[in-house]
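Below, each chain spelled out in residue letters.
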Amino acid sequence: MKSPTYFRIGAVAAAAFFVISLATATSATTEVLFSFDEAEGAYPDSDLETDNASNIYGTTVLGGDFGGGTVFRLSPTPDGWVHTILYSFTGGADGGQPYKGVTLDREGNLYGTAVTGGSGSCEGGCGVAYKLTKSGGTWTQRVIHAFTGGNDGSGPGARLTVDRDGNVYGMTPIGGAYGLGTIYKIYRGPRGGWTLKVIHAFTGGADGGSGSAGRMILRNGILYGAATTGGTYGSGVVFELTPRAVGRWGFRTIYSFRGQPDGSFPYGALLFDGSGTIYGTTYYGGTNNIGAVYKLSHRPVGEWNESVIYSFQDVPDGNSSISNLVFDGAGNLYGTTSEGGLGRGTIFKLSPVGGGQWTETVVHRFQGPPDGAFPYNGMVVDRFGNFYGATVHGGDDDDGSVYKFTP
């Protein structure tokens, strides 16, 4: 089984069950928009971001001018998609191996993390958080925090969250006061400099450990996210962070995964629906211990009810999801599995059929070159309803791809 760990290349990285049916869709289509190679970047373990002009942004962990990875943009033209490297990492003070993509702020700036480079006591550097700013046609990269491997954490592989005031939030999987990762806020001071504040250090106990790779969700001023390990049963947690007076934050575990047949090890980001219900995936757990899709429903008294709405099955179904989920306009859920199908991962659809039941359909099985292979991330839906995603392998040269999925 391939590891979902995002620290560095080469690193190891009580539920209610519902009646489901497993089927294969034939009407959906998947089209590779761009195939990577070493010069243009490779291994795009990246969530994607889109802007109002339908440009697609992401990162590659490897390749580029110096081999340390890239930030890229795909722009639509009448003749296809144009790939542009916005920044090539050197692996030095500017960082290296940028995982999980970038986040756009309201002014069009890009924020992301790189798990190596920078400074600190870690071999190869403890990683950085960075900002890319466009002036004219030129993008300039600035490190807004170089992690030390101490109380601030190290190996920041999670995608960043940016609030309306330009504050940046993220997680590290290791380091911190207890060595099990941190949640941090980076903010600008009155003189324009950037300061990092740790707002929670994971202990590995009931609060969990090893912040997930998924971007935290900021909803009504409260941060929501997942930690892949720890919790009451050692299988990961979903948490919330509420701002308190004088810059303090209140941490609360809203669910501890129990392990098989419940979910375990949630790596992907959370998804809220309009009613405030949370949806997500787990890498392990479920009936067959090869992953699950779950939902968390808020109770009036403040507690949350969790239910597994689908447990992945043996091939030809997918397994081992590291994916966020997305909705279509009809209320169906879509996500990816990093493995299963034909052995290279799948896109799946979950359709509500009433009474709390969902039907799962495999809508694409990745085949490998020239198709994509191993989707270590979910998809993004642009404002026109188009679905886009990335695979870490596949494409023409097996160095990864960006694809468009049409339900």
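A brief look at the structure comes next. Computed from a prediction, not measured in an experiment: that's the story for all the values here.

Describing the overall build of the chain
Consideration 1: Scanning the chain for helices and strands turns up 0 helices and 36 strands.
Consideration 2: Computed over C-alpha atoms, the radius of gyration of the chain comes to 20 Å, within 12% of the 22 Å expected from 2.2 N^0.38 for 407 residues, which places it in the range of a compact globule.
Consideration 3: With respect to the three principal axes, the spread of C-alpha positions in the chain is 55 × 55 × 35 Å.
Consideration 4: Taking all 407 residues of the chain together, 59% fall into the buried category.
Consideration 5: Total accessible area computed for the chain in this model is approximately 15300 Å², and 48% of it derives from carbon and sulfur atoms.
Consideration 6: Here the chain contributes 27 positively and 34 negatively charged side chains, and the mean placements of these two sets differ by 11 Å.

With respect to empty space enclosed by the protein
Consideration 1: The computed volume of the largest cavity comes to approximately 60 Å³.
Consideration 2: Classifying every residue of the lining of the largest cavity by side-chain character gives 5 nonpolar, 5 polar and 2 charged.

Quick notes on the sheet that holds strand 10 (residues 138–146)
Note on sheets: strands pair through backbone hydrogen bonds, and any given pair is parallel or antiparallel.
Consideration 1: Within the open sheet, the 4 strands sit side by side as 7-8-9-10. Their pairing is antiparallel. Every other strand in the sheet has two partners, leaving strand 7 (103–104) and strand 10 as the edge strands with one partner each.
Consideration 2: Bridge analysis of strand 9 (residues 128–135) against strand 10 gives 8 bridges, and the strand direction is antiparallel. Bridge pairing links Ser135 to Thr138 in strand 10.

A look at the layout of surface pockets
Consideration 1: Computed from the structure, the largest pocket encloses a volume of approximately 1100 Å³.
Consideration 2: Taken together, 43 residues make up the lining of the largest pocket; nearest its centre are Glu49, Thr103, Leu104, Val162 and Arg215.
Consideration 3: Put simply, the parts of the chain that give the lining of the largest pocket at least two residues each are strand 3 (49–50), strand 7, strand 11 (161–162), strand 16 (217–219), strand 21 (271–272) and strand 33 (379–381).
Consideration 4: For the lining of the largest pocket, a count of residues per class yields 17 nonpolar, 10 polar and 16 charged.

Observations concerning unusual backbone geometry
Consideration 1: Following Gln260, the chain continues to Pro261 via a peptide bond in cis, the omega torsion being 5°.
Consideration 2: Assignment of secondary structure puts Pro261 in the loop between strand 19 (249–256) and strand 20 (263–264).
Consideration 3: Between Pro369 and the following residue, Pro370, the backbone shows a cis peptide bond with an omega angle of 0°.
Consideration 4: The residue Pro370 is located in the loop between strand 31 (357–365) and strand 32 (372–373) in this model.
Consideration 5: Its identity as a non-glycine residue notwithstanding, Asn220 has a phi of 55°, on the positive side.
Consideration 6: Looking at the secondary structure, you find Asn220 in the loop between strand 16 and strand 17 (222–229).

With respect to the environment of Thr203
Consideration 1: Residue position: Thr203 is located in the loop between strand 14 (194–201) and strand 15 (209–211).
Consideration 2: In sequence terms Thr203 and Ala177 are 26 residues apart; their C-alpha atoms lie 8.1 Å from each other.
Consideration 3: Filtering out sequence-adjacent residues up to four positions away, Thr203 remains in contact with Tyr178, Leu180 and Gly208.
Consideration 4: Here the side chain of Thr203 touches Gly205 through a polar contact of 3.1 Å, landing on its backbone nitrogen.

Examining the sheet that holds strand 11
Consideration 1: Taken in spatial order, the 4 strands make up an open sheet running 11-12-13-14, and their pairing is antiparallel. Of all strands in the sheet, those bounded by a partner on one side alone are strand 11 and strand 14.
Consideration 2: In the sheet, strand 11 pairs with strand 12 (residues 168–172) via 2 bridges, with the strands oriented antiparallel. Bridging across to strand 12, Thr161 finds its partner in Tyr169.

As for the state of the cysteines
Consideration 1: For the coordinates displayed, the defined rule picks out 1 disulfide.
Consideration 2: The partner cysteine of Cys122 in its disulfide is Cys126, sulfur to sulfur 2.0 Å. Because the sign of the S-S torsion sets the handedness, a value of about 100° for the bond joining Cys122 and Cys126 places this disulfide among the right-handed ones.
Consideration 3: On the basis of relative accessibility, which here comes to 0%, the residue Cys126 falls in the buried class.

Observations regarding the pattern of salt bridges
Consideration 1: Counted by the stated rule, this structure contains 4 salt bridges.
Consideration 2: Measuring nitrogen to oxygen at the nearest pair gives 2.7 Å for the salt bridge that ties Asp45 to Lys100. Of this pair, Asp45 sits in the loop between strand 2 (29–35) and strand 3 while Lys100 sits in the loop between strand 6 (80–88) and strand 7, and the two are 55 residues apart along the sequence. Pair check on accessibility: Asp45 and Lys100 agree, each one buried.
Consideration 3: Notably, a salt bridge pairs Glu49 with Arg159, separated by 3.2 Å at the nearest N-O pair. Taken together, the positions of Glu49 in strand 3 and Arg159 in the loop between strand 10 and strand 11 put the pair 110 residues apart, joining distant regions of the chain.
Consideration 4: Assessed through its relative accessible area of 7%, Arg159 is described here as buried.
Consideration 5: Within this structure, Glu49, Arg159 and Arg215 form a network of salt bridges that share partners.

Thoughts on the packing of aromatic side chains
Consideration 1: Within this structure, the stated rule accounts for 27 aromatic pairs.
Consideration 2: Note on Tyr111 and Trp194: the rings are 6.3 Å apart at their centroids and 70° apart in plane angle, and the pair reads as edge-to-face. You can see Tyr111 sitting in strand 8 (residues 110–114) and its partner Trp194 sitting in strand 14, a full 83 residues away along the chain. In this structure, Tyr111 and Trp194 share a single accessibility class: buried.
Consideration 3: Relative to Trp304, the ring of Tyr224 has its centre 6.5 Å away and its plane inclined at 65°; by these criteria the two rings are edge-to-face. With Tyr224 in strand 17 and Trp304 in strand 25 (residues 304–311), this pair connects stretches of sequence that are 80 residues apart.
Consideration 4: A network of ring pairs unites the aromatic residues Phe265, Tyr267, Tyr283 and Tyr284 as a single cluster.

What counts and what doesn't
- Residues numbered from 1 in each chain as written.
- Predicted model: local features only at pLDDT ≥ 70, side-chain atom pairs only at ≥ 80, totals over all residues.
- Heavy atoms only, no water.
- Helix = DSSP H or I, 4+ residues; strand = E, 2+ residues; numbered from the N terminus.
- Rg over C-alpha atoms; globule rule 2.2 N^0.38 Å.
- Buried < 20%, exposed > 50% of the residue type's maximum accessible area, 1.4 Å probe, protein only.
- Areas by Shrake-Rupley, 256 points an atom, 1.4 Å probe, with all protein chains shown as cover.
- Lys, Arg positive; Asp, Glu negative; His and termini not counted.
- Charge placed at Lys NZ, Arg CZ, Asp CG, Glu CD.
- 1 Å grid on protein atoms, 1.4 Å probe; cavity = no way out; pocket = protein on both sides within 12 Å on 5 of 7 lines; lining within 4 Å.
- Points joined across faces, edges and corners; volume = space filled by probe spheres on them.
- Nonpolar A, V, L, I, M, F, W, Y, C, P; charged D, E, K, R; others polar.
- Pairing = 2+ DSSP bridges.
- Contact = heavy atoms within 4.5 Å.
- Polar contact = N/O pair within 3.5 Å; in protein donor to acceptor, adjacent residues only side chain to side chain.
- Disulfide = S-S within 2.5 Å.
- Salt bridge = Lys/Arg side-chain N within 4 Å of Asp/Glu carboxyl O.
- Phe/Tyr/Trp six-rings, centres within 6.5 Å; stacked < 30°, edge-to-face > 60°.

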